[in-house]
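# Topology and contacts: notes
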2 protein chains.
Amino acid sequence: MSTEERLRNIISHLVPNNVNDYIEDNVTSSDDVTSFSRVSKWDKEELREFLENSPTYKPIKQKLLQLLKDPIFLPRYNMNVQEWRELTLQRALVIIKSGSISISEFNRDPMKYLLSMEMLNMSDPSLSVKLGVHFSLFGNAVLNLGTEKHHLKYIKDIDSWKLPGCFGMTELGHGSNVQGIETTATYDKSTQEFIINTPSDSAQKFWIGNAALHGQACSVFAQLYIDNVHHGVHVFIVPIRNPDGSVVENVRIMDNGHKLGLQGVDNGRIWFDNKRIPRDNLLNKFGDVQPDGTYVSSIQSKNKRFGSMVAPLVGGRVLIASSALNAAKLAMIVATRYAYSRKQFGSKGNENPIISYLTHQRRLFPMLAAVIAYTYPIAQLKKIYCEPNKSAQNVKDLHVWSSGLKAVVSWTKTYILQITRECCGGQGFSSFNQIAGFKSDLDVDMTYEGDNHVLLQQVARNILVELQKGRYTITSANHGSSIYDADFQIQCLKWRESNLVQSLSARIMSHLDQGRSLEQGWNSNLDIVTFLGKAFVDRVTMESFQASIKKASNSIKPVLELCRNLFFSWRVSEDLGYFLCNDGISHSTAQKIQDSINHLCSEMLPVGLDLVNSLDIPEQFIHAPIAKADYMSEFRYGLERKY
Amino acid sequence: MSTEERLRNIISHLVPNNVNDYIEDNVTSSDDVTSFSRVSKWDKEELREFLENSPTYKPIKQKLLQLLKDPIFLPRYNMNVQEWRELTLQRALVIIKSGSISISEFNRDPMKYLLSMEMLNMSDPSLSVKLGVHFSLFGNAVLNLGTEKHHLKYIKDIDSWKLPGCFGMTELGHGSNVQGIETTATYDKSTQEFIINTPSDSAQKFWIGNAALHGQACSVFAQLYIDNVHHGVHVFIVPIRNPDGSVVENVRIMDNGHKLGLQGVDNGRIWFDNKRIPRDNLLNKFGDVQPDGTYVSSIQSKNKRFGSMVAPLVGGRVLIASSALNAAKLAMIVATRYAYSRKQFGSKGNENPIISYLTHQRRLFPMLAAVIAYTYPIAQLKKIYCEPNKSAQNVKDLHVWSSGLKAVVSWTKTYILQITRECCGGQGFSSFNQIAGFKSDLDVDMTYEGDNHVLLQQVARNILVELQKGRYTITSANHGSSIYDADFQIQCLKWRESNLVQSLSARIMSHLDQGRSLEQGWNSNLDIVTFLGKAFVDRVTMESFQASIKKASNSIKPVLELCRNLFFSWRVSEDLGYFLCNDGISHSTAQKIQDSINHLCSEMLPVGLDLVNSLDIPEQFIHAPIAKADYMSEFRYGLERKY
């Protein structure tokens, strides 16, 4: 047969038969093909523990998992907004009654709180967001912006849901720029009250969770004025509903209505019409007003005071990052199991599992590596967050890491939910297979609790400060090593980060030298600012992951190294143009990195199924029929699914 | 002030004030800043006509637009699946009664059909999909796979919805590989009937639109057997419901349930239990069975016969590509108008419109260029599709272009819906602002009517055939010209395509030379196959766009050229690593292309709002409050929105 004939022959097949002789029929575990990978088998439990990394909290998690087996938590889909909200409330009440979540012990054991909220998010994002608004935002404001009088008055009622709370920060006109909010709190010394007012429609509180139906009190962010003197943003406890559910006088509420997801959260809009509240309702830890109207604060700078008041929000970002990663892992479990059992094309009666196609491998495997890689910086972030006595470095790291990881991991999660949806074909479009729900519910996490682009600016700003203060070490490019060498990989990512911060600095200076404003210089380089923020997260992810790999046993080390290599090749290949244009790697290294992806995918193929089955996601949260061992039987006639 | 102090000063601002002095307060049109762009003003109507490009169909469109003003078509959100389906049915009946959509005139005037379905899709994707299943799939099968007896018996009842139809191709076990379906049609010559049977649960018809509730007949794809001889896949009209809505004997139906989107479409699952149908129910245009069981067909090859039977599906891909583009344009209108009127940060009372931030420009403007660029190859594709007497070249182009454009444009649409959602912040998460609904409803378009990855293989296969037959012209790299030169841009994209097809060919040959199978060679290079398919679409998009630009007046040419330049820079910068590694462009050109994006965004800034307002999307489909001139007033207290 001539080569031309042979090629004609190839191309007569749209998609070829028998592509993958080495994956056997009826694969439900990848055990039988392990011999084809240089990555040897590992102890699944050991790897799961290594990913989970919170041994002391096992009993707490187990207790909550047991509670979440209550049938009320079984997945439901076909509901209108009213039904969603009611179900979410009922689910919340089960959690509240169990005492699993409590703001009174939040400061004492924040890790318990984080891990519990993560569980709730895997069960139902509406549930965790509704409770998150009440506990992490409203309760946390009372706890960490208020003082003893507030703790005594409110904490017990918050824990028992006797006082369901809202968090009134965002306004229609101001989201990212909280300092620009318009709601006013004017002190009336004659009555010793604050007058809370919404001066315009743009000042209406917007997207306020629990406001549309259940909230009775709201921690309202407002500009404090005393005798016409402005003292900046402060937070006040304002009643919005009576215990019977009716809206209090001088408050108006509307509903935010239907959303892309999170239908169970009753977001609403609030107007205050010169609503009077007692002086004691100011959360006065960082600034207080004495009866005579004297303003007192231990923090002189308005900006710093504002910083203290929004500092507790960092917990939300930690939780978003870890919850996004859990959802991405869950989607990877669903799509990967399906990819190993779903067959299409090939010889009749012996069709190929779709994971045998490179198009599938190249979509799923780098993401499998990614969810494992991000596990470690997020674990490190949670540890810093829960540190009882934080050093100054801890505080800074917490701010920068939570900003960077929240942005990058929520974006990666969105990407993973999208590609897993597509990898499952039509099944990915069915709500039963879970990816659809997470896709809709979690989309908002990229823009709430700090818009991702704004958060990356926080990261970049910090690096620029370090550079300016002479505390930043410039890393040069390395043109010599193996692309699978961890030190080379870290150096490569360090080089990019330091190259970016240097060019950002130089570009801003050049703007200044041309007589432009500082702000123009910053804004004209927001592309580099964003890129630098992402580069930082790549670098710390690799460092954190590699530090953990070093501690791993010989059983699990090879598969973790495979993930590290694939994560590295994916990240670098995404920005190959930058590396090449700026001489960060040579052409031959670039080519090797590009070629490595197919190679690493072929290494992953025999172990990919075992690897997703080692992920630290409790099996009770996997409801998707296509993720079951014999998915066809899940679709037999007569098997009704409630929806 | 020292440079260090100045930099410290910069970085003390997270997001700077007054970034954009040159965009004035209260911008609702970009007219007032046009002087800052080298792109002069243009006639908006002229540009809209140039984008719309179907002057003879204006009256038809106007009539349908008038009909779609009926209040039944006003957006609704808060419904359960049952309510969604009922509303969609009622909407469908209004369309049916108006006679706007008709299968009887489908072959006579396919453009009318296409344009009408596009309008319906902008109004409500569930509506267009429900009617699309009935007309484009079921009706089209009767029309183009059936013969006169079928036309006489069914067409009138299809047009009047007396016989609501389903399209029974996909099975649980077989989606992309239709030739692998398991449903059988066994001819019983003793009664002159076919026996339609579902031999296993994996053979159940799955995702069948109109099956769960309204369908009464189904065009069933099944393997034809006569006297134990297999004749390949054929299509049969099988009754599934009686006129009273009850399911017929020997048919079982279940519901596919809740989905990510398209809740108004009643997708279902069908089992046939040796269901007998008359011999006349075989759609016999390409293959027939005589009363005595003799099989007759003018097409000898089973594969070619199968190809003829699925050929009418090409219309669905044309419609998906054009509808995806419309949704992307609509989302661009919403997000861009909001970006020019929404303000955040900057000096008090004079905050910056968010479009003034580079992070916003770099997300929105390349996509604005993209939706305009894709307008032209899609118009060309529609023209080929509607050509009454297609040449062999037309038929091939139709297959390849519809496959490639369906894949690339549906992916780009998904990307655009994602970034516009994020660019609108929380507002993008609200259903009222429309992006959320399109995001959910249209997600499936990447995997139905041909999975995008499989379709790109069709494209790549065709290019490889051309290369093998010596009909493909290899283009070499050009290292000399201006990056804004159209010929250079096209040559650049041609070079990439020809470089990819050459390396694909070489790699497959090398696999063969190493004794591996043809299929292994193809599958081991699916990354290049996919990349080649995308590269083809980039190239034909540029060629088609540039051919149209050449015909444009001097008034609209500059803005179209700006779009072409930005589209080119975006596409190349996405794959910069490939261009550099393979010496397709020089380092300096690569740098210029990367730098050009910020420059072109600054050119776009003063005209971006005018440009979205010139897009060919009827204003009546823009319901989003944030897309209104004074969006704040859309959120005033008391203004209730039905949802």
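Treat the numbers as computed from the prediction; the structure is a model and nothing was measured.

## Notes on empty space enclosed by the protein
Residue and element names in this part refer to chain B. Applying the stated rule across the entire model yields nine cavities of 30 Å³ or more. When its volume is computed, the largest cavity comes out at roughly 70 Å³. Lining the largest cavity, in full, are Phe106, Tyr113, Leu114, Ser136, Leu137, Asn140, Pro312, Leu313, Gly315, Gly316, Leu319 and Tyr385. Only helix H5 (110-123), helix H6 (125-145) and helix H9 (314-341) provide two or more residues apiece to the lining of the largest cavity. Looking at the lining of the largest cavity, its residues break down into eight nonpolar, four polar and no charged. Taken domain by domain, the makeup of the lining of the largest cavity includes at least three residues from each of domain 1 (54-158) and domain 3 (314-472 + 479-623).

## Brief notes about the environment of Leu74(A)
All names here are of chain A. Looking at where Leu74 falls in the secondary structure, it is placed in the loop between helix H3 (58-67) and helix H4 (81-98). The partly exposed category is assigned to Leu74, whose relative accessible area is 47%. Put simply, Leu74 and Leu464 are 390 residues apart on the chain and 48 Å apart in space, counted from C-alpha to C-alpha.

## Description of the UniProt feature "binding site: FAD" (unreviewed entry) in chain A
Residue and element names in this part refer to chain A. Residues annotated by UniProt as "binding site: FAD" (unreviewed entry) correspond here to Thr170 and Gly209. Spanning 40 residues, the annotated positions come together in the fold, the maximum distance between their C-alpha atoms being 10.6 Å. Its location among the elements puts Thr170 in the loop between strand S1 (165-168) and strand S2 (184-188). With a relative accessible area of 27%, Thr170 lands in the partly exposed category. Ignoring any residue separated from it by four or fewer positions in sequence, one finds Thr170 in contact with Gly175, Gln204, Lys205, Phe206 and Ile208. Tracing the backbone through its elements, the reader meets Gly209 in the loop between strand S4 (205-208) and strand S5 (217-226). Look at Gly209 and you get buried, because its relative accessible area is 5%. The residues contacting Gly209, other than those within four sequence positions of it, are Val133, Gly165, Cys166, Val265, Asp266 and Asn267.

## Here's the deal with the interface of chain A and chain B
Taken together, the contact pairs 122 residues of chain A with 121 residues of chain B. Counting the surface lost from both chain A and chain B, the interface buries some 10600 Å², and carbon and sulfur atoms represent 59% of this. The tally of links between chain A and chain B comes to six salt bridges. In this structure, the salt-bridge partner of Arg421(B) is Asp443(A), at a minimum N-O distance of 2.6 Å. At the boundary of chain A with chain B, the tally comes to 48 residue pairs in polar contact (both at pLDDT 80 or more).

## As for the relation of the copies chain A and chain B
The transform that puts chain A on chain B rotates by 180° and translates by 0.0 Å along the axis, for an RMSD of 0.0 Å. On the angle and the small slide along the axis, the relation comes out as a two-fold axis. When C-alpha distances to the rotation axis are compared across chain A, the minimum falls at Gly577(A), with a value of 2.2 Å. Mapped onto chain B, 99% of the interface residues of chain A are again interface residues, and the two copies thus contact each other with one and the same surface.

## Some details on helix H2 (residues 44-52) of chain A
Residues and elements named next belong to chain A. For H2, every residue scored as buried is listed here: Leu47, Phe50 and Leu51. The arc enclosing the buried residues of H2, seen along the axis, measures out at 95°, which places them on a common side. The inward-facing, buried residues of H2 abut helix H10 (358-386), helix H17 (526-551), helix H18 (557-574) and helix H21 (608-613). Between the side-chain oxygen at the start of H2 and the backbone nitrogen of Glu45 there is a gap of 2.9 Å, and the oxygen is on Asp43. Two residues or fewer after H2 comes Asn53, characterised by a positive phi angle close to 60°.

## Observations concerning the packing of aromatic side chains
Within this structure, the stated rule accounts for 34 aromatic pairs over all chains. Plain terms: the ring middles of Phe206(A) and Phe635(B) are 5.4 Å apart, the flat faces sit at 85° to each other, and that makes the pair edge-to-face. Separated into two different chains, Phe206(A) in strand S4 and Phe635(B) in the segment after helix H21 (608-613) make up a pair that spans both. When its relative accessible area of 4% is taken as the criterion, Phe206(A) is described as buried. The buried category is assigned to Phe635(B), whose relative accessible area is 5%. Between the aromatic rings of Phe106(B) and Tyr113(B), the centroid separation amounts to 4.7 Å while the plane-to-plane angle is 80°, which identifies the pairing as edge-to-face. An aromatic cluster is defined as three or more aromatic residues linked by ring pairs; in this entry it consists of Trp495(A), Phe531(A), Tyr578(A) and Phe579(A). The ring of Phe635(B) has Arg641(B) sitting right over it, with the charged end atom 5.8 Å from the ring centre.

## Description of the pattern of salt bridges
All names here are of chain B. Here the structure, examined in full by the defined rule, presents 59 salt bridges over all chains. Ionic pairing is found between Lys44 and Asp610, a salt bridge with its closest N-O pair at 3.6 Å. Highlighted residues: Lys44 in helix H2 (residues 44-52) and Asp610 in helix H21, separated in sequence by 566 residues. Judged by its relative accessible area of 33%, Lys44 falls in the partly exposed class.

## So, unusual backbone geometry
Phi is positive for Asn250(A), close to 65°, though the residue is something other than glycine. By the secondary structure assignment, Asn250(A) is in the loop between strand S6 (229-239) and strand S7 (251-255). Located in the positive-phi region is Phe345(B), a residue other than glycine, with phi close to 65°. The topology assignment puts Phe345(B) in strand S12 (residues 343-347).

## Some points on the sheet that holds S4(A)
All names here are of chain A. What the three strands build is an open sheet, ordered S4-S8-S7; its pairing is antiparallel. Each end of this open sheet is capped by a strand with a single partner; those strands are S4 and S7. Along the sheet, successive strands turn relative to each other by an average axial angle of 25°, direction set aside. Sheet analysis places S4 next to strand S8 (residues 268-272), joined by two bridges and oriented antiparallel. When the sheet's bridge partners are listed, Ile208 is paired in S8 with Gly268.

Cut-off values and rules
Residues numbered from 1 in each chain as written. Chains lettered and ligands numbered in written order. Predicted model: local features only at pLDDT ≥ 70, side-chain atom pairs only at ≥ 80, totals over all residues. Heavy atoms only, no water. 1 Å grid on protein atoms, 1.4 Å probe; cavity = no way out; pocket = protein on both sides within 12 Å on 5 of 7 lines; lining within 4 Å. Points joined across faces, edges and corners; volume = space filled by probe spheres on them. Helix = DSSP H or I, 4+ residues; strand = E, 2+ residues; numbered from the N terminus. Nonpolar A, V, L, I, M, F, W, Y, C, P; charged D, E, K, R; others polar. Domains from an automatic or database assignment. Buried < 20%, exposed > 50% of the residue type's maximum accessible area, 1.4 Å probe, protein only. UniProt positions renumbered as here; feature names shortened; annotations may be inferred. Contact = heavy atoms within 4.5 Å. Buried area = accessible area lost by both parts, 1.4 Å probe. Salt bridge = Lys/Arg side-chain N within 4 Å of Asp/Glu carboxyl O. Polar contact = N/O pair within 3.5 Å; in protein donor to acceptor, adjacent residues only side chain to side chain. Least-squares fit on C-alpha atoms with pLDDT ≥ 70 in both. Arc of directions from axis to C-beta. Phe/Tyr/Trp six-rings, centres within 6.5 Å; stacked < 30°, edge-to-face > 60°. Lys NZ or Arg CZ within 6 Å of the ring centre and 35° of its normal. Pairing = 2+ DSSP bridges. Axes fitted to C-alpha atoms, helices over the stretch in contact; angles between N-to-C directions.

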